[in-house]
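Descriptive structure summary
Read off the chains here:
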Amino acid sequence: MEPSYTEASYENSIVELLENMGYTYCYGPDFSRDFTDPIMEDQLRYSLETVNPKLPSQAIDEAIYKIKNYEAGSLVSKNEVFMDYLQNGVSVSYQDKGQMKSTLVKLVDYDHIDNNSFIVANQWTFKEYETKRADIVVFLNGLPVVLVELKSPKDEDVTIEDAYLQLQNYMKSIESTFIFNAFCIISDQSQTRAGTITASLDRFMDWKTVDGDYKNTRLADFTTLFRGMFEKSRFLDILHNFICFSKESRGDAKILAAYHQYFAVHKAIESTMKASSKDGDGRGGVFWHTQGSGKSLSM
């Protein structure tokens, strides 16, 4: 590793990677905004109007109000409400010619990728109980759905555990930001992992393949995770179908599918559809699991 390869240059290499994947770049210090608002509200409004072209402004206004206002409760409970909005839409009511109507305002167009806004921002400041500057934030339609915390590849005394601890600190000092979080990424370049706001460090997982080919998993590096998870159609698929909440005795857990679950489920669906088609043989195949691999969720 070159001695000049610092956290800043590592950060820039990830931003450049996402730019090359079609994300719009935004440098935080140059963007005039209210630091206390985690959302890019102008972009959110524009995106909602694009995704829901037939809905009146009253419906869009109501959706934005609900996205920004939550009943009292824990961060996890608020995040669960938001994830339902993100995956399924926001239920709103509005007046139309003297009649009250109800509808769903979609936050994301999962069927038409180009109707959505994908922005990667770095050095992005949030202000709540304290002022913090996140290394990288990925915004989908103006919503800060992914936060990336990096540690210097050059500093041997700093590890991925320090990045994880920094995230825990952020969740206390800029808590409202994480209402809108789908998942987080931590990296010191040698290790790059993804996990949710409830995940312990050992539940932050590698993503070892870009396209489901397992032959080169030993060669996976930080680019593998970003190219594997942030290809636009796959990113939307992960957000829509591969994040859920589990109610457990020790507390609610937010679960993000690991790479092997993601690709195995898609292969199982493809095989089942082929087997059950008119010319299929009715034999969908076998889905092997190891203990602790999340088989109940995959099924």
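The rules behind each value
Residues numbered from 1 in each chain as written. Predicted model: local features only at pLDDT ≥ 70, side-chain atom pairs only at ≥ 80, totals over all residues. Heavy atoms only, no water. Helix = DSSP H or I, 4+ residues; strand = E, 2+ residues; numbered from the N terminus. Buried < 20%, exposed > 50% of the residue type's maximum accessible area, 1.4 Å probe, protein only. Contact = heavy atoms within 4.5 Å. Areas by Shrake-Rupley, 256 points an atom, 1.4 Å probe, with all protein chains shown as cover. Core = buried A, V, L, I, M, F, W, Y, C linked by side-chain atoms within 4.5 Å. Phe/Tyr/Trp six-rings, centres within 6.5 Å; stacked < 30°, edge-to-face > 60°. Pairing = 2+ DSSP bridges. Axes fitted to C-alpha atoms, helices over the stretch in contact; angles between N-to-C directions. Salt bridge = Lys/Arg side-chain N within 4 Å of Asp/Glu carboxyl O. Patch = residues over 30% accessible without salt bridge, like charges linked within 9 Å, V, L, I, M, F, W, Y side chains within 5 Å. Lys, Arg positive; Asp, Glu negative; His and termini not counted. Charge placed at Lys NZ, Arg CZ, Asp CG, Glu CD.

On to the overall build of the chain. Along the backbone of the chain there are nine helices and ten strands. For the chain, the residues scored as buried account for 45% of the 299 residues in total. If you take every contact in the chain between residues at least 6 apart in sequence, the share linking residues at least 24 apart comes to 64%. Only carbon and sulfur atoms are counted for the fraction: they give 47% of the accessible area of the chain, which is about 15800 Å².

Turning to the nonpolar core, a few remarks are in order. In terms of nonpolar packing, the biggest core is built from 84 residues, with Ile67, Leu143, Phe178, Phe183, Phe226, Phe230 and Phe235 touching the most fellow members. Sequence-distant contacts of phenylalanine 178, defined by excluding residues within four places in its chain, comprise Leu75, Asn79, Leu147, Leu167, Tyr170, Met171, Cys184 and Ile197.

Before going further, it helps to spend a moment on the packing of aromatic side chains. Enumeration according to the criterion identifies 18 aromatic pairs in this entry. Note on phenylalanine 183 and phenylalanine 235: the rings are 6.3 Å apart at their centroids and 80° apart in plane angle, and the pair reads as edge-to-face. Note that phenylalanine 183 is positioned in strand β7 (residues 183–187) and phenylalanine 235 in helix α7 (residues 232–241), a separation of 52 residues in sequence. Note on phenylalanine 183: relative accessible area 0%, which makes it buried. Relative to tyrosine 262, the ring of tryptophan 207 lies with its centre 5.8 Å away and its plane at 50°, an arrangement referred to as tilted.

On to the sheet that holds strand β8 (residues 192–195), then. Pairing is mixed in the open sheet, where six strands are placed in the order β1-β4-β5-β6-β7-β8. This sheet does not close on itself; its edge strands, each paired only once, are β1 (24–27) and β8. Looking at each pair of strands side by side, their axes are set apart by 25° on average, direction ignored. Here β7 pairs with β8 via four bridges, running antiparallel. Paired with isoleucine 185 across the bridge in β8 is alanine 194. Along the sheet face, helix α5 (residues 160–173) touches β5 (131–140), β6 (143–150), β7 and β8 and points at about 145° away from the line of β7. Sheet strands touched by helix α6 (residues 222–230): β5, β6, β7 and β8. Its angle to β8, the strand with the most contacts, is close to 35°.

Counting through the fold element by element, asparagine 122 comes out in strand β4 (residues 118–127). Discounting chain neighbours no more than four positions away, the residues touching asparagine 122 are Glu11, Asn12, Val15, Tyr25, Cys26, Tyr27, Gly28, Pro29, Ala134, Asp135 and Ile136.

Within the fold, isoleucine 197 resides in the loop between β8 and α6. According to the relative accessible area criterion, isoleucine 197 is buried, its value standing at 8%. C-alpha separation for the pair isoleucine 197 and leucine 75, spaced 122 residues apart in sequence, amounts to 9.0 Å. Discounting residues that sit within four places of it in the chain, isoleucine 197 has contacts with Leu75, Val76, Asn79, Met171, Phe178, Asn181 and Lys254.

Per the counting criterion, the structure on display carries six salt bridges. With its nearest N and O atoms 2.8 Å apart, the salt bridge here joins lysine 101 to aspartate 96. Overall, the relative accessible area of 25% leaves aspartate 96 in the partly exposed class. Of the charged contacts in the structure, one is a salt bridge between lysine 132 and glutamate 130, with a shortest N-O distance of 3.4 Å. Salt bridges sharing partners connect three or more residues here, namely Asp37, Glu41 and Lys68.

Taken together, the side chains of Asp155, Glu156, Asp157, Glu161 and Asp162 make up a negatively charged region of the molecular surface. We classify aspartate 157 as exposed; its relative accessible area is 72%.

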